[in-house]
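# Results of the structural survey
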Amino acid sequence: MLSVKGLRANVGDKEILRGLDLEVGPGEVHAIMGPNGSGKSTFAHVLSGREGYEVTSGSATFEGKDLLVLEPEERAQLGLFLAFQYPVELSGVNNTYFLKAALNSIRKARGEEELDAVSFLRLIKDKLKILHLDDSLLKRAVNAGFSGGEKKRNEIFQMALLEPKLAILDETDSGLDIDALRVVADGVNALRSPERSMIVVTHYQRLLDYIQPDYVHVLAKGQIIRSGGKELALELEEKGYGWIEAEGRAA
Amino acid sequence: MTSTQAVDDIVKSEYEHGFTTEIESDTLPPGLDEDVVRAISKRKGEPEFMTELRLKAYRHWLTMTEPEWPAVDYPKIDFQAISYFSAPKRPEDAPKSLDEIDPALLETYNKLGIPIEEQKALAGIAVDAVFDSVSVATTFRETLAEAGVIFCSISEAVHDCPELIRQYMGSVVPHTDNYYAALNAAVFSDGTFVYVPKGVRCPMELSTYFRINARNTGQFERTLIVAEEGSYVSYLEGCTAPQRDENQLHAAVVELIALEGAEIKYSTVQNWYPGDEQGKGGIYNFVTKRGDCRGARSKISWTQVETGSAITWKYPSCLLRGEDSVGEFYSVAVTKGRQQADTGTKMIHIGKGTRSTIVSKGISAGQGRQTYRGLVRIGQRAEGARNHTQCDSLLIGDRCTANTFPYIEVKHPSAQMEHEATTSKISDDELFYCRSRGLTEEDAVSMIVNGFCKEVFNELPMEFAVEAQKLLSISLEGAVG
């Protein structure tokens, strides 16, 4: 589904990703862990097409299509979704209106019929039920004045609605207390399916207690230096990133 | 003749001028002197008093100097090069079909969803039967007649209810007010007159759209709205479709009079031709708009969406004379390309307990230049007056500018004043967030801008609000990047 090979990317003159390889198959949940500054968020942003990053070599294909030449909206239309670490506030833009416009923009690009207001509201209600969310977020402006927990819940809600094939969750756990974390993780779990892959980017093992990954990768200095099953995350938690980096250097 | 009778007579008279002004000959030669003023009055068949008013205004205009504004640039206007009376274009001079019209204009019409027949009319093509608003207008008039509301052109009103014109015209914006108001008073071409009798709630939104001959009101338009005690009227001016016009200078005057307990809601969508990318050929829109809250508890509310014209200069104002009267100003102004706008409002608090609200949203893109200029004055007798002002500017790109000049004069210690101002840019973060959800960059911009303007759009009548949103999106297409 997603195939990243030898990806190198700069921010300004500084090389952040230094030959990153990653294969994600359908329905798989991959966790990417790593210390601060290892390139986790850069990787998430490069995949979703944010400006300000220069890819110098390597490739990233999604279902056989070259992702790196596409505009961010084209990637979203293909089925890519980025849950932001810091969701952006859009004051004055109603959340429901925003979601409807986004969904219809994606449907239109796929040659599907746009949803009218009635079918859209029905869809929203279904999704709220699946995620056990109430509808108070819908009437407000997108993320404006939301608490940290509300913003992250809103990200998951958007994901539920847009039904991506590949969701990238960028430090979704940051700034959440344990209750909020559980709500968000429950939402993510409810959205797991054999057709939907996920990349969960996180600094702490904590989130992985709730979202059980199929694979765990350790990112350091712009490369994946170790991959394993979910037990790798536990080992990391115990020994810290220093351990694995030191081992990397010794080898 | 009592005023009710006057109203009845007018509405029943089946518009003897046929709803369009009759003009014998075409165009007066360029230039302005007393003879030209007299000729205009004569051709319009005006009564003596009107001719005298015009001449008085003209003589005063001669003593005035043309104003200059620091934040607006344009070549000096040669007032002797303008023709002050022009008949509507003759059919043989008009474009014959849509093929002769600027394709960019047609594209905009299509985006706005304007029917083809109406497109022709807007583009100045001679059409025999002007779409179906003839019948709409007729039904419209009947309903208004039942309510006793007068809604006609100023020319008709001068003939048919001269006593109302005499009493009210120039009573809010006297010809001595400013250079362009004086010029307008001398040479005004046509415009709209609305009279709502005591206690009547006008049964529908009044719109120039339903006045067919409003399309050729010319460059010196004059509007007068009088709301008698306890009445209510909502008036919509303009059109979201960009209108072609041969006249570069537009100097309109709008006067509103609200008597005790009356309310006037005046909404404008202005989308005159802004000129080409260099700003050439665009309209200069120098307008004087003022409302007079003459009676206690009266209310005047201005709402404007200004997206067109090369230069816009207007400050719809309220004179809050009646006790506890209320003035409101809600504005969205967009400047892009080389457009310049110097706009704002004046709230003059004279009576006790008067209140005013100002919400101004300025959007500047391209090399647009925009200035908010507002005055809030609390007079010596305006005990307990209150004002709340909010001025927000949104910049798109890095070559546009926005200025805010709020003037505040307070002469009563009990006044409460609040002023908030913000300037922001559409950030890359906001755009990327929207795009990562599948929205195109243009959709994202229009969504953010519409969110920014929401408070103002909420004040517009429903259908107008929808059109205004669409208009804004179209105006800002290609503004980013």
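Residues numbered from 1 in each chain as written. Chains lettered and ligands numbered in written order. Predicted model: local features only at pLDDT ≥ 70, side-chain atom pairs only at ≥ 80, totals over all residues. Heavy atoms only, no water.

As annotated in an unreviewed UniProt entry, chain B carries the name Fe-S cluster assembly protein SufB and comes from Thiorhodococcus minor. Its UniProt record, at the heading Sequence similarities (unreviewed entry), says of chain B: "Belongs to the iron-sulfur cluster assembly SufBD family." (UniProt positions renumbered as here; feature names shortened; annotations may be inferred.)

If you look chain A up in an unreviewed UniProt entry, it shows as Fe-S cluster assembly ATPase SufC from Thiorhodococcus minor.

## Focus: the packing of aromatic side chains
Residues and elements named next belong to chain B. Scanning the model with the defined rule gives 16 aromatic pairs over all chains in all. Among the aromatic side chains, those forming a connected cluster through ring pairs are Tyr 58, Trp 61, Phe 79, Tyr 179, Tyr 180, Tyr 284, Phe 286, Trp 313 and Tyr 315. Seen from the ring of Phe 188, Arg 54 lies directly overhead, with NZ or CZ sitting 4.0 Å from the centre. Of note, Arg 166 hangs over the ring of Phe 49, and the distance from its end group to the ring centre comes to 4.5 Å. (Phe/Tyr/Trp six-rings, centres within 6.5 Å; stacked < 30°, edge-to-face > 60°. Lys NZ or Arg CZ within 6 Å of the ring centre and 35° of its normal.)

## Examining the UniProt feature "domain: SUF system FeS cluster assembly SufBD N-terminal" (unreviewed entry) in chain B
UniProt records the feature "domain: SUF system FeS cluster assembly SufBD N-terminal" (unreviewed entry) for residues 142-202 of chain B in the present numbering. Annotated as 48% helix and 18% strand, the span residues 142-202 of chain B places its first and last C-alpha atoms 13 Å apart. (Helix = DSSP H or I, 4+ residues; strand = E, 2+ residues; numbered from the N terminus.)

## Section: the sheet that holds strand S8 (residues 263-270) of chain B
Residues and elements named next belong to chain B. If you walk across this open sheet you meet the 8 strands as S3-S5-S8-S10-S13-S16-S18-S20, and the pairing is parallel. Two strands close off the open sheet at either side, each with one partner strand: strand S3 (206-207) and strand S20 (416-425). Bridge count for strand S13 (residues 326-335) against strand S16 (residues 355-364) is 10 bridges, and the pairing is parallel. By the bridge assignment, Gly 327 is partnered in S16 with Ser 356. (Pairing = 2+ DSSP bridges.)

## Observations regarding empty space enclosed by the protein
All names here are of chain B. Counted according to the given criterion, the structure contains 6 cavities of 30 Å³ or more. The space that makes up the largest cavity amounts to roughly 120 Å³. Together, 15 residues line the largest cavity, and Ser 360, Gly 362, Gln 370, Tyr 372 and Ser 393 are the ones closest to its centre. Contributions of two or more residues to the lining of the largest cavity are made by S13, S16, strand S17 (369-378), strand S18 (386-395) and strand S19 (401-410). Its residues assigned to classes, the lining of the largest cavity shows 4 nonpolar, 9 polar and 2 charged. (1 Å grid on protein atoms, 1.4 Å probe; cavity = no way out; pocket = protein on both sides within 12 Å on 5 of 7 lines; lining within 4 Å. Points joined across faces, edges and corners; volume = space filled by probe spheres on them. Nonpolar A, V, L, I, M, F, W, Y, C, P; charged D, E, K, R; others polar.)

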